[in-house]
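For reference, the chains in residue letters:
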Amino acid sequence: MSNKFNLLDLSWLRPGASRGFFGVFKGAPKKVKASEGTINSRRGFIDLDEATQVSAILSAVRVISQGVAQVGRQVVSRNFDTKKKRWSYDIVYDRVDGLDTLLRERPNNYQTMFEFIECMIARACLGGNAYAMIIRSTRRVLELHPIPTKQITAVMDDNRKVHYELQVDGGGVEILNFDQVLHLRGPSLGGIIGDSILQKASAVLEMALAAEASQLETLRRRGRQDGIVTHPGPVAPERATSI
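The structure displayed is predicted, hence computed values, not measured ones. (Residues numbered from 1 in each chain as written. Predicted model: local features only at pLDDT ≥ 70, side-chain atom pairs only at ≥ 80, totals over all residues. Heavy atoms only, no water.)

J.: Pulling in residues and values, what's your account of unusual backbone geometry?
T.: Non-glycine residue Lys85 carries a positive phi angle of around 55°. With respect to the element layout, Lys85 can be found in the loop between strand 4 (76-81) and strand 5 (86-91). A positive phi angle, close to 60°, is found at Arg160, a residue other than glycine. Tracing the chain through its elements places Arg160 in the loop between strand 8 (152-156) and strand 9 (162-167). (Helix = DSSP H or I, 4+ residues; strand = E, 2+ residues; numbered from the N terminus.)

Here's what the structure looks like:
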């Protein structure tokens, strides 16, 4: 499979398939966690919910996530033609693993496929990563469940095999194998997790939040600006009150 993510090519759901845009494992840390919940800026940590209060960010994420979600989805099989020396792509129906049925209907019992893809793309846009647990029965894929990014950690062992540590209720940790997690990540310099675009642009985000807060405060004061009034002589208390 090519390094370029293609929704029409769902070979990335197969066990051991490569996931990512610019994944390079060389020099990557062994244990990394995506920071979906907060963005580290000069004024502290910015919650991603707070980041989406910037109208430009919210609009961009909605356009991207909904635009990707409304694209038609088909299962495509990629095979190498030894005679023509090139790859061929064929639409597959009635797959053994049930992916075609899953894509036509519902990925789980609380989301439509449109909502699922919209959720995953929005998380990837904001935090650089989106995770979903793959529920299988033998080879058949039954359900896909989104996982909050702040609850999961990607780990690379000494054999350069990646698995995931999921924080469960009660403080425990559940180990998920590589083929149990659908990991959608954006551009990455480390290869294990995607880099958060908002983290890279935290200064611009901070400035936008400050500008909107300043404008809101000005409107609340009905345009009156803060300042200091001076007088060359003493001012009587009743006069000061009237001012």
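On we go from here.
J.: Would you mind going over the side chain of Ser65 in detail, with residue names and values included?
T.: Take Ser65: it is sitting in helix 2 (residues 55-69). Excluding residues within four positions of it along the chain, Ser65 makes contact with Glu118, Ile121 and Ala122. (Contact = heavy atoms within 4.5 Å.)

J.: Account for helix 4 (residues 113-127), with residues named and values stated.
T.: Relative to the 21 Å expected for 15 residues at 1.5 Å per residue, helix 4 spans 21 Å between its end C-alpha atoms, a close match to the ideal helical length. Every buried residue of helix 4 is accounted for by Met113, Phe116, Ile117, Met120, Ile121, Ala122, Arg123, Ala124, Leu126 and Gly127. Positive backbone phi, approximately 90°, marks Gly128, located one or two places after helix 4. (Expected span 1.5 Å × (residues − 1). Buried < 20%, exposed > 50% of the residue type's maximum accessible area, 1.4 Å probe, protein only.)

Remember, this is a structural readout, not a statement about activity or role.
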